[in-house]
Amino acid sequence: VSRSAATYNKYRCVCHHLERYVRQTYRRDDLAFSELDKRFVTGFHAYIVQQCSRKKNTAWIYMIALKHVLMVARSKGCLTHDPFAGYKLHSEFVSRNYLNEAEISRMMRLELPSGALRLVRDAFVFSCFTGLSYVDVCNLTRRQIQQNGGQTWVDLTRRKTGTEVSVRLFAVPQAILCRYLPADCDEPIFGLPGNGWCNKRLEQLAAAAGISKRVTFHTARHMAATTVFLSNGVPIETVSSMLGHKSIKTTQIYAKITKEKLNQDMENLAARLNTIEEFAGCTI
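Residues take numbers from 1 onward in each chain, read along the sequence in its written order. At least 70 in pLDDT is required for a residue's local features to be given in this predicted model, at least 80 for side-chain atom pairs to be given and counted, and no such filter applies to totals for whole chains, interfaces and linings, which use all residues. Values shown for side chains rest on all heavy atoms present in the structure; no hydrogens or waters enter the calculation.

J.: Tell me what's going on with the overall build of the protein, and back it up with residues and numbers.
T.: A tally of regular secondary structure across the protein gives twelve helices and three strands. We take the radius of gyration over the C-alpha atoms and set the globule estimate at 2.2 Å times the residue count to the 0.38 power. For the protein, the C-alpha radius of gyration of 24 Å lies well beyond 19 Å, the compact-globule estimate for 284 residues. Accessible area is worked out with a 1.4 Å probe on protein chains only. A residue is then buried under 20% of its type maximum, exposed over 50%, and partly exposed in between. By residue count, 36% of the 284 residues in the protein fall in the buried class. Looking at the protein alone, contacts between residues at least 24 apart form 63% of all its contacts between residues at least 6 apart. Only the protein chains shown count as cover for residues, with accessible areas throughout obtained via the Shrake-Rupley method and a probe of 1.4 Å. Per element, the accessible surface of the protein, about 16900 Å² overall, is 53% carbon and sulfur. Counting rule for charge: Lys and Arg are taken as positive, Asp and Glu as negative, and neither His nor the chain ends is counted. By convention, charge coordinates are those of NZ in Lys, CZ in Arg, CG in Asp, or CD in Glu. Computed over 39 positive and 24 negative side-chain charges, the inter-centroid distance for the protein is 6 Å. The helix count covers DSSP runs of H or I at least four residues long, the strand count covers runs of E at least two residues long, and both are numbered beginning at the N terminus. Residue contacts follow a heavy-atom distance rule, with two residues in contact if any of their heavy atoms lie within 4.5 Å.

In structure tokens, the structure reads:
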């Protein structure tokens, strides 16, 4: 009703971990809300990291889910205190993987027979040049493809944030779109399998293209933000709008400056400074 299937599964996963934690730590099958305290919270966090071998950001996500459930319990009068009071949750910055122009070119040049592997590659490349997420690519239909002034646009509402997104289709994504466009306006254009299955195929594709980076479908979104948009001078405010972010702070996570962009900016700066020096008659 109010959560996606992926979020629902996350809560189920946290619930299973809690069951095992309570049985192992308290030698019981259940605890009353009144028994929950800061020691319970810190103990569960340590259990997730140490015994379940989860990374810091995964543990952070699990703890946020638990905190939300306890907030609901407090709102319903089941819990009179906040076990998370004074307990700070922190995430860890993770460097975002993205492909450069040479890497995506190698993947695009792979000779693939028609079938699931080619479908995943093409959908991934489409995402690289539009910034659309996996779920939005999955649900893309002809109704969301609009013609405006002789140009082709994707106009949709992001499934994750509910924000409106408009992205113009240039040559590469438009060619891919023409290959898969169905006759039925309500039929998904790409009809992708599950995200995990797609990511397994992307591992194969990356290896075949000689790419050593870990590539997932979300890597395409990182590439769109960095290699395609920001590195070509698109303002970060425009990128934020195209990615459907509610806050520009989210876009800044993607705002890596590639070496190519940095070198080009320095060359442009050097040319301007040299012109100023020549105009002033300065010689050093």
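J.: Can you tell me about the packing of aromatic side chains, naming the residues and giving the values?
T.: To pair, rings of Phe, Tyr and Trp, with the six-membered ring standing in for Trp, must have centres within 6.5 Å; the planes then decide the type, stacked if under 30 degrees apart, edge-to-face if over 60, and tilted in the middle. A full pass over the atoms with the stated rule returns eleven aromatic pairs. Note on Tyr 26 and Phe 40: the rings are 6.3 Å apart at their centroids and 40° apart in plane angle, and the pair reads as tilted. Taken together, the positions of Tyr 26 in helix H1 (residues 5-26) and Phe 40 in helix H2 (residues 38-51) put the pair 14 residues apart, joining distant regions of the chain. Ring geometry for Phe 126 against Phe 190: centres 5.2 Å apart, planes inclined by 55°, an arrangement best described as tilted.

J.: Summarise the environment of Arg 201; cite the residues concerned and give the values.
T.: Summarising the element assignment, Arg 201 is placed in helix H8 (residues 195-208). We classify Arg 201 as buried; its relative accessible area is 18%. Along the chain, Arg 201 and Phe 217 lie 16 residues apart, while their C-alpha atoms are 9.9 Å from each other. Apart from residues no more than four positions distant in its own chain, Arg 201 is found in contact with Leu 117 and Val 120.

J.: Any chance you could break down a nonpolar patch on the surface for me, citing the residues and the numbers?
T.: Patch rule: a residue counts if its relative accessible area is over 30% and it has no salt bridge; like charges are joined within 9 Å, and nonpolar side chains (Val, Leu, Ile, Met, Phe, Trp, Tyr) within 5 Å. By salt bridge we mean one thing: a side-chain nitrogen of Lys or Arg within 4 Å of a carboxyl oxygen of Asp or Glu. Residues Met 266, Leu 269 and Leu 273 make up a contiguous nonpolar surface patch of roughly 250 Å² in combined accessible area. Among the secondary structure elements, Met 266 is positioned in helix H12 (residues 259-280). Given a relative accessible area of 44%, Met 266 falls into the partly exposed group.

J.: I'd like a description of the environment of Arg 121, backed by residues and values.
T.: Locating Arg 121 in the fold gives a position in helix H5 (residues 116-128). On the accessibility criterion, Arg 121 (6% relative accessible area) is buried. Between the alpha carbons of Arg 121 and Arg 201 there is a distance of 8.3 Å; along the sequence they are 80 residues apart. Apart from residues lying up to four places away in sequence, Arg 121 is in contact with Met 107, Met 108, Leu 110, Leu 112 and Leu 205. The term polar contact refers here to a pair of N or O atoms within 3.5 Å; inside protein, the definition further demands a hydrogen-donor-capable atom paired with an acceptor-capable atom, and it admits residues adjacent in sequence only when both atoms are side-chain atoms. Reaching out from Arg 121, the side chain makes a polar contact with the backbone oxygen of Met 107 at a distance of 3.0 Å.

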